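Commentary on secondary and tertiary structure
Residue strings, one per chain:
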Amino acid sequence: MFTTIIALIRVACYMLSKNNLRRRALKYDKAGDIENRDKVVFGIVPQWARFVFTDVTKSTVEVIGEEKLPKDRAVVFIGNHQGNMDIPLLFGFINKPMTFVAKAELGKIPLLSDWMKLLQCTFLERKSPRKSIQAIHDAAEGVKKGYSQVIFPEGTRSKGGPHHEFKAGSFKLAFMSNAPIVPVTIDGTWRIYEGQKKVKKGQHVKLIIHDPIETAGLSKEEQSKIPEMVEKIVCAPLNESAYAQEHE
């Protein structure tokens, strides 16, 4: 527990130390200076994410397949969801500006909410179907503007156990934006926290980036096959039986 508290304090202190940059980005945003706003935000967020991994948790990251990323196009990253460290992993170790659809509750946390709004996160009201649909539309528009999106179709963390079924509705964002889907496999983030319910330092995490899947021009029938295809691609490298043994 003590290690976890220290880790949280270090993360909070790091965010506070960047307060001048937050205020500068907010000023650019208010003035409509999107270029300079994004330069600040997409400069500091990957630094924060890597700080969390390498300094706070002392974890190592192995990235495989980065050369497969489309260079000049926004994409929709779709991956498995093992733990709370998945977002910092993607933001810190994939060299591409990205954002994600977040629970509306996160948009109410002081300091964090400013960064998330500057990051162009879309906030999802799960209890309101109408607002949920609007959130997906907004996120798709963000992709068209050049902001890659991150989606975890399981809807919840597997915490090192067998992955949950990928929900087909999560893929609508990619189809609406006509952006390529980039499947990503996350292997090991759950051991940093979820495995012990406290921060456990010195873990090794693997991030596998798979070949992009084009979505533009697909028929409804072709779209219907994508969720199962992506789930198989993402989860094939995972040794989930070994994870189950570690939980016993």
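Residues numbered from 1 in each chain as written. Predicted model: local features only at pLDDT ≥ 70, side-chain atom pairs only at ≥ 80, totals over all residues. Heavy atoms only, no water.

A word on the overall build of the chain. Check the secondary structure of the chain and you find nine helices and seven strands. Compactness check: the chain gives a C-alpha radius of gyration of 18 Å against a globular reference of 18 Å for 248 residues, within 12% of the reference. Overall, the chain is about 55 × 50 × 40 Å in size when its C-alpha atoms are taken along their principal axes. Split into buried and exposed, the 248 residues of the chain put 48% on the buried side. Accessible area of the chain: about 12,900 Å², with a carbon and sulfur share of 53%. (Helix = DSSP H or I, 4+ residues; strand = E, 2+ residues; numbered from the N terminus. Rg over C-alpha atoms; globule rule 2.2 N^0.38 Å. Buried < 20%, exposed > 50% of the residue type's maximum accessible area, 1.4 Å probe, protein only. Areas by Shrake-Rupley, 256 points an atom, 1.4 Å probe, with all protein chains shown as cover.)

So, on to the pattern of salt bridges. Two side chains bearing opposite charge may form a pair once their charged atoms approach each other closely. If you walk through the whole model with that rule in mind, you get eight salt bridges. A salt bridge links D38 to R37, with the shortest nitrogen-to-oxygen separation between them at 3.0 Å. For the pair formed by D38 and R37, the shared burial category is buried. A network of salt bridges, in which partner residues are shared, links D29, R37 and D38. (Salt bridge = Lys/Arg side-chain N within 4 Å of Asp/Glu carboxyl O.)

All right, on to the nonpolar core then. Among the nonpolar cores identified, the biggest contains 44 residues, and F77, L90, I94 and F100 are the most heavily contacted of them. The dominant element in this core, judged by the number of residues it contributes, is helix α3 (residues 34-56), at ten residues. With residues up to four places along the chain from it excluded, the contact list for L90 reads M98, V150, F152, V184, I186 and L207. Counting 19 residues, the second largest nonpolar core, distinct from the first, contains F171, A179, V234 and C235. (Core = buried A, V, L, I, M, F, W, Y, C linked by side-chain atoms within 4.5 Å. Contact = heavy atoms within 4.5 Å.)

If you trace the seven strands from one edge of the open sheet to the other, you get β1-β7-β6-β2-β5-β3-β4, paired in mixed fashion. The sheet is open, and its two borders are formed by β1 (60-64) and β4 (122-124), each paired with just one other strand. Direction aside, the axes of adjacent strands within the sheet are offset by 25 degrees on average. Along the sheet face, helix α6 (residues 129-144) touches β2 (76-79), β3 (98-103), β4 and β5 (148-151) and points at about 165 degrees away from the line of β4. Lying on the sheet, helix α8 (residues 220-235) is in contact with β2 and β6 (181-187); it crosses β6 at an angle near 35 degrees. (Pairing = 2+ DSSP bridges. Axes fitted to C-alpha atoms, helices over the stretch in contact; angles between N-to-C directions.)

These figures come from the coordinates and say nothing about function on their own.
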